Amino acid sequence: MKKYEIGIYEKAIPESYAMESMLEFAKDVGYDFFEISIDRTEQRIDRLYDDNFVREIIRMQQGVGLRIGSMCLSALSTYTLGNSSRAIRDRARDICERAIQFSVNIGIRIIQIPACTVPKGINIRDENVKWYIENIHNMVEYASVYGIMLALENMESEEMNSVEKCMKLVHEVDSPYFQLYPDAGNITTASFDQGTDPKMDMKTGSGHYAAFHLKETNSIRFGGLFYGEGYVDFPQLVKHAWGLGARRYVMEYWFTGNSEWQENLKKAYSLCRNWIENSR
């Protein structure tokens, strides 16, 4: 029986490659699943509305022998559920509903959504929080009908940058279909900024870890780094996450034009496997 699974984030592979090739690269390295990215770009959002793409994805998964096991729905950090614009809130709900239907159709069970009331850099008003919470309730209710889990990622902004802050919303919604999908890099940066212990922050989410994003960061950059180029203590955080019930781990890093990206796919898998094996 498998004790854990390791996934790879879509953006770790050059966008110029077809999805089927991406799955093949990940399969050949040894990854257990692939995490699809639906970010703010219309190109990626449009995939949710494309029935032909859905049929092709089903065929690719069967042909390659690798599942798309989760979705990172970061489009909701631009089209936010608490946005002051009603039109944008409507777009956010529609994107989220389509993401749920897309997941049902191709077999995804976990959608990571950002803890993001309004876009980064915009002041949050009471009505933004009200709209965000109302829409989260509605989206979780919709997802629960289909057995799809929405899982909250702590983000860079102070509003919900820690596990503890995200858990307030998880407790308020109080649904088995709304859990945590935290980011190791954001946990680390929030702890440094607040002078707290990242392991103590992680502990507040015990029993609610749907998965764990392993992203490198430093005091200047929240992404675009490979493992070892930042300050995240992955061996310790993975060990702690394991003790808190996390059994699904995704290597979240981005292709930045480096020629050794295929070697990095292998390195990332090996690193994650070692961190987990040393945690059990």
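Structure: above.
Residues numbered from 1 in each chain as written. Predicted model: local features only at pLDDT ≥ 70, side-chain atom pairs only at ≥ 80, totals over all residues. Heavy atoms only, no water.

Trainee: It is not clear to me how the overall build of the protein should be interpreted in this structure. Could you clarify?
Mentor: When you go through the protein residue by residue, the secondary structure sums to 10 helices and 8 strands. Here the protein has a C-alpha radius of gyration of 18 Å; the compact-globule value for 280 residues is 19 Å, and the two agree. For the protein, the C-alpha atoms occupy an extent of roughly 50 × 50 × 40 Å along the three principal directions. Considering the protein as a whole, with its 280 residues, one finds that 53% of them fall into the buried category. Residue pairs in contact within the protein that sit at least 24 positions apart in sequence constitute 77% of those at least 6 positions apart. Here the protein has roughly 12300 Å² of accessible surface; of this, 47% comes from carbon and sulfur atoms. (Helix = DSSP H or I, 4+ residues; strand = E, 2+ residues; numbered from the N terminus. Rg over C-alpha atoms; globule rule 2.2 N^0.38 Å. Buried < 20%, exposed > 50% of the residue type's maximum accessible area, 1.4 Å probe, protein only. Contact = heavy atoms within 4.5 Å. Areas by Shrake-Rupley, 256 points an atom, 1.4 Å probe, with all protein chains shown as cover.)

Trainee: Explain the sheet that holds strand 1 (residues 5–9) to me, please; I cannot follow it from the model alone.
Mentor: Note: strands within a sheet are paired through backbone hydrogen bonds, in either parallel or antiparallel orientation. Strand order in the open sheet formed by 8 strands is 6-5-4-3-2-1-8-7, with parallel pairing between adjacent strands. Each edge of the open sheet is held by one strand with a lone partner, namely strand 6 (178–180) and strand 7 (212–214). Each neighbouring strand pair of the sheet contributes to a mean axis angle of 30°, computed without reference to strand direction. Contacting strand 2 (33–37), strand 3 (67–72), strand 4 (110–114) and strand 5 (149–153), helix 4 (residues 86–106) crosses the sheet at an angle of about 170° to strand 3. The strands that helix 5 (residues 126–145) touches are strand 4, strand 5 and strand 6; relative to strand 5, the one it contacts most, it runs at about 145°. (Pairing = 2+ DSSP bridges. Axes fitted to C-alpha atoms, helices over the stretch in contact; angles between N-to-C directions.)

Trainee: So what exactly am I meant to see when it comes to the packing of aromatic side chains here?
Mentor: Two aromatic rings, taken as a pair, are described by how far apart their centres are and by the angle between their planes. Tallied over the entire structure, the rule returns 16 aromatic pairs. Note on tyrosine 4 and tryptophan 242: the rings are 6.1 Å apart at their centroids and 80° apart in plane angle, and the pair reads as edge-to-face. With a gap of 238 residues between them, tyrosine 4 in the segment before strand 1 and tryptophan 242 in helix 9 (residues 234–243) connect regions that are remote in the sequence. The residues tyrosine 4 and tryptophan 242 share a single accessibility class, namely buried. Linked through ring pairs, Phe226, Tyr227, Phe234, Tyr253 and Trp275 together constitute an aromatic cluster. Above the plane of the ring of tyrosine 79 lies arginine 91, whose end atom (NZ or CZ) is 4.8 Å from the centre. When the ring centre of tryptophan 242 is taken as origin, the NZ or CZ atom of arginine 247, which lies over that ring, is 3.6 Å away. (Phe/Tyr/Trp six-rings, centres within 6.5 Å; stacked < 30°, edge-to-face > 60°. Lys NZ or Arg CZ within 6 Å of the ring centre and 35° of its normal.)

Trainee: Help me understand the pairing of strand 5, please; the structure alone is not making it clear to me.
Mentor: Looking down a regular strand, the side chains alternate between one sheet face and the other. Most of strand 5 is tucked away: 4 of the 5 residues are buried. Across 5 bridges, strand 4 lies against strand 5 in parallel orientation. Looking at strand 5, one finds that isoleucine 113 is bridged to leucine 152. You can see the chain leave strand 4, run along helix 5 and come back into strand 5, and the turn it takes is right-handed. Taken together, the 3 bridges between strand 5 and strand 6 define a ladder with parallel strand orientation. (Right-handed = clockwise from strand over helix to strand, strands pointing away.)

Trainee: Teacher, can you tell me more about unusual backbone geometry here?
Mentor: With the exception of glycine, most residues fall at negative phi, and the peptide bonds are largely trans. Phi is positive for aspartate 174, which is not a glycine, with a value near 55°. Mapped onto the secondary structure, aspartate 174 falls in the loop between helix 6 (163–173) and strand 6. Exposure remark for aspartate 174: the relative accessible area of 65% places this residue in the exposed category.

Trainee: Help me out: how do you make sense of the environment of valine 29 in this one?
Mentor: With respect to the helices and strands, valine 29 occurs in helix 1 (residues 19–29). Sequence separation between valine 29 and lysine 267 is 238 residues, and the spatial gap between their C-alpha atoms is 9.5 Å. Each residue touching valine 29, except ones within four places of it in the same chain, is listed here: Leu265, Lys266 and Tyr269.

Trainee: Is there a simple way to think about the state of the cysteines in this case?
Mentor: A covalent bond bridging the sulfur atoms of two cysteines is what the word disulfide describes. This model, assessed by the stated rule, comprises 0 disulfides. You can see cysteine 96 has no disulfide; the closest cysteine sulfur is in cysteine 72, sitting 13 Å from it. Cysteine 96 sits in the buried class, given a relative accessible area of 1%. With no disulfide of its own, cysteine 166 lies 11 Å from the sulfur of cysteine 116, the closest cysteine sulfur. Given a relative accessible area of 1%, cysteine 166 falls into the buried group. (Disulfide = S-S within 2.5 Å.)

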